[in-house]
Amino acid sequence: MTEINDIHIGRRIKAKLKEQGRTTVWLAAQIPCSPNHLYKVYAKSSINTDLLKRISRILDYNFFGDFIHNG
């Protein structure tokens, strides 16, 4: 089971974006923010919940669910 402290949200966002075949430039336009801002987000293990909520909606993936443990 993954511990909350082991979750690097920036890497998870970047991986989900790649999995969907989308680019950083595309995501930046959707948010909207600069691609440089997103590169900084990818490097972080935690981000603002409002931004995470926005990214979750855009990518149609509940990143908050990654923090919930089953069992």
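Since the structure is predicted, the reported quantities are computational estimates derived from the model, not experimental observations.

> Can you lay out the pattern of salt bridges for me, pointing to particular residues and giving the numbers?
Inspection of the entire model under this criterion finds two salt bridges. Note that arginine 12 and aspartate 66 form a salt bridge whose closest N and O atoms lie 3.3 Å from each other. Taken together, the residues span a long stretch of sequence, with arginine 12 in helix α1 (residues 9-19) and aspartate 66 in the segment after α4 (49-59) at a distance of 54 residues.

> Break down the environment of threonine 49 for me, with residues and values.
With respect to the helices, strands and loops of the structure, threonine 49 is situated in helix α4. Threonine 49 sits in the exposed class, given a relative accessible area of 51%. Placed 15 residues apart in sequence, threonine 49 and phenylalanine 64 show a C-alpha to C-alpha distance of 9.0 Å.

> Quick rundown of the side chain of serine 56? Include the residues and the values.
Within the element layout of this structure, serine 56 appears in helix α4. Serine 56 gets classed as buried once you look at its relative accessible area, which sits at 9%. Once residues within four sequence positions are removed from consideration, serine 56 is found in contact with Tyr61, Asn62, Phe63 and Phe64.

Reading the values: rules and limits
- Residues numbered from 1 in each chain as written.
- Predicted model: local features only at pLDDT ≥ 70, side-chain atom pairs only at ≥ 80, totals over all residues.
- Heavy atoms only, no water.
- Salt bridge = Lys/Arg side-chain N within 4 Å of Asp/Glu carboxyl O.
- Helix = DSSP H or I, 4+ residues; strand = E, 2+ residues; numbered from the N terminus.
- Buried < 20%, exposed > 50% of the residue type's maximum accessible area, 1.4 Å probe, protein only.
- Contact = heavy atoms within 4.5 Å.

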